[in-house]
Amino acid sequence: MPRNIARSSFVSVGCAECRNLDGLGFDFIMAFQPIVNVRTHTTFAYEALVRGVNGESAASILDQVNDENRYRFDQACRVKAIERATQLGLLTIADCKLSINFLPNAVYRAETCIRATLEAARLFGFPPEKLMFEVTEGERVDDPMHLKRIFEEYERQGFTTSIDDFGSGYSGLNLLAMFQPHVLKIDMALTRNIDRDPVRTAIVEGIVLLAKRLDITIVAEGIETSEVRDALLGLGVDLMQGYLFARPDTSRLPLANFS
């Protein structure tokens, strides 16, 4: 078991319990932002992002997560994301996935901890193969083999796996050497100003080449200008996410702006 997880955190909870947040100690809602294919003008996925009920930032919510409530929060995020995405009509969008961030340090045994996820999928008629789970490179993982086992179980269940914020920390290549996800999301620290930065261009070009060799799909994050978009297209990156296309929205699935 990871050192910083309290054993009491792993009292298994079901879908109904996750929808009731009384045991969590705070409330939150989900916003959604599209991941788009710029070349085909289609939506690859919508990422579910936590927000406060009064519009508070994700950081303000995550600041309330601790060792005692991390497991319940992680489970609640999955269930709320599936429920809300279904209500907003994601299932009507062909070939579109729902991307959910997960906390690896909240997961003890993957096959047990996805119980509520699968229950929610059945309850709302959400095909498990439309689910994508992202782990951020910046998330501290004391036991990388633990994360590898999680990814292996998720792949066995038919979920898409993703490493988020690739290039933002120090462990990215080590994680990639240990397991290869379906999707690699390049952090905005590498994509920002890439249209006029030859160093970032060379780094991203190398990541794209590596991903092709490993049969991994690339997503570029933090796209805010058409110049950055065009530079990434020139490097062979078709999937992108950022304010240029749409901002996160709690009331609907925002349509991407491709102009």
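Position numbers for residues start from 1 in each chain and track the written sequence from start to end. Selection of residues for local features in this predicted model requires a pLDDT of at least 70, selection of side-chain atom pairs for listing and counting requires 80 or more, and totals for whole chains, interfaces and linings are taken over all residues. Side-chain figures throughout are based on the complete set of non-hydrogen atoms in the structure, without hydrogens or water.

> How would you sum up the overall build of the protein? Please name residues and give values.
Across its full length, the protein holds 10 helices and 8 strands. Working definition: with a 1.4 Å probe on protein chains only, accessible area under 20% of the residue-type maximum means buried, over 50% means exposed, and in between means partly exposed. Burial status across the protein gives 51% buried among its 259 residues. Here, two residues are considered to be in contact whenever any of their heavy atoms come within 4.5 Å of each other. Here the analysis covers contacts within the protein between residues at least 6 apart in sequence; of these, 71% occur between residues at least 24 apart. By element, 49% of the accessible surface of the protein is carried by carbon and sulfur atoms, the whole surface being about 11,900 Å². Strands are runs of DSSP state E lasting at least 2 residues, helices are runs of H or I lasting at least 4, and numbering of each runs from the N terminus. The Shrake-Rupley method, run with a 1.4 Å probe, gives the accessible areas here. Residue values count only the displayed protein chains as cover.

> Residue-level account of the sheet that holds strand S8 (residues 239-240), with values.
Read around the closed barrel, the 8 strands follow the order S1-S2-S3-S4-S5-S6-S7-S8; overall the barrel is mixed. In terms of strand pairing, strand S6 (residues 183-186) meets strand S7 (residues 217-220) through 4 bridges, oriented parallel. Bridging from a neighbouring strand, Val183 pairs with Thr217 of S7. To get an axis, fit a line to the C-alpha atoms, keeping to the stretch in contact for a helix; angles then go from 0 to 180 degrees between the N-to-C directions. Each of strand S5 (160-166), S6 and S7 touches helix H9 (residues 198-214); the most contacted strand, S6, lies at about 175° to it. Two strands qualify as a pair provided DSSP detects at least 2 bridges between them.

> Just give me the short version of the nonpolar core, but keep the residues and values in it.
Residues belong to a common nonpolar core when they are buried Ala, Val, Leu, Ile, Met, Phe, Trp, Tyr or Cys residues joined through side-chain atoms within 4.5 Å. Ranked by internal contacts, the top residues of the largest apolar core, which has 72 residues, are Phe28, Phe73, Leu98, Phe102, Tyr154 and Leu232. With 8 residues, the single largest contributor to this core is helix H3 (residues 70-87). Among the nonpolar cores identified, the runner-up in size contains 7 residues, and Ile35, Phe44, Met132 and Val219 belong to it.

> Describe the pairing of S7, with residues and values.
A regular strand carries its side chains on alternate faces of the sheet. Here S7 runs beside S8; their pairing, made up of 2 bridges, is parallel. Its bridge partner lying in S8, Val219 is registered against Leu239. By convention, orient the strands away from the viewer: a clockwise path from the first strand over the helix to the second makes the crossover right-handed. As for the winding sense of the linkage, the β-α-β connection from S7 through helix H10 (residues 226-234) to S8 is right-handed.

> Any details on H3? Residues and values, ideally.
End to end, H3 covers 26 Å across 18 residues, agreeing with the expected 26 Å (1.5 Å per residue, within 8%). Judged by how many residues are buried, H3 sits mostly within the fold: 14 of 18 residues are covered. The length a helix should cover is 1.5 Å for every residue beyond the first.

> Can you break down the pattern of salt bridges residue by residue, with the values?
Any Lys or Arg side-chain nitrogen located within 4 Å of an Asp or Glu carboxyl oxygen qualifies as a salt bridge. According to the stated counting rule, one finds 13 salt bridges in the structure shown. In this structure, the salt-bridge partner of Asp195 is Arg196, at a minimum N-O distance of 3.7 Å. Its relative accessible area of 60% is what places Arg196 among the exposed residues. Overlapping salt bridges, with partners in common, bring together Glu47, Glu134, Lys185 and Glu221 in one network.

> So what's going on with H9? Which residues, and what values?
An ideal rise of 1.5 Å per residue puts 24 Å on 17 residues; H9 measures up with 24 Å between its terminal C-alpha atoms. Of the residues making up H9, those classed as buried are Val204, Ile207, Val208 and Ala211. All buried residues of H9 project into a common sector of 100° when viewed along the axis, lining one side. Counted as exposed and oriented over 90 degrees from the buried face of H9: Pro198, Val199, Leu209 and Arg213. The inward-facing, buried residues of H9 contact S5, S6, helix H8 (188-191), S7 and H10. What the arc describes is the spread of directions from the helix axis to the C-beta atoms.

> So, the packing of aromatic side chains: which residues are in play, and what are the values?
To describe a pair of aromatic rings, you give the distance between the ring centres and the angle between the ring planes. When the centres of two rings from Phe, Tyr and Trp lie within 6.5 Å, Trp using its six-membered ring, the rings pair. Their planes under 30 degrees apart give stacked, over 60 give edge-to-face, and anything left gives tilted. Enumeration over the complete set of coordinates arrives at 11 aromatic pairs. An aromatic cluster is present here, built from Phe102, Phe133, Phe151, Tyr154, Phe159 and Phe179 joined pairwise through their rings. A positively charged side chain is recorded as over a ring if its NZ (Lys) or CZ (Arg) lies within 6 Å of the ring centre. The angle to the ring normal must also be within 35 degrees. Here the guanidinium or amino end of Lys80 rests over the ring plane of Phe28, the centre of that ring lying 5.1 Å away. Directly above the aromatic system of Tyr243 lies the positively charged group of Arg247, at a separation of 3.9 Å from the ring centroid.

> Can you lay out the environment of Phe32 for me, pointing to particular residues and giving the numbers?
Mapped onto the secondary structure, Phe32 falls in strand S1 (residues 29-37). Separated by 53 residues in sequence, Phe32 and Ala85 place their C-alpha atoms 8.2 Å apart.

> Just give me the short version of a nonpolar patch on the surface, but keep the residues and values in it.
Side chains of Leu173, Leu210 and Leu214 sit close together on the surface and give an oily, nonpolar patch of about 250 Å² of accessible area. Positionally, Leu210 belongs in helix H9. For Leu210, a relative accessible area of 31% puts it in the partly exposed group. Any residue with relative accessible area above 30% and no salt bridge may belong to a patch, with like charges joined within 9 Å and the nonpolar Val, Leu, Ile, Met, Phe, Trp and Tyr side chains within 5 Å.

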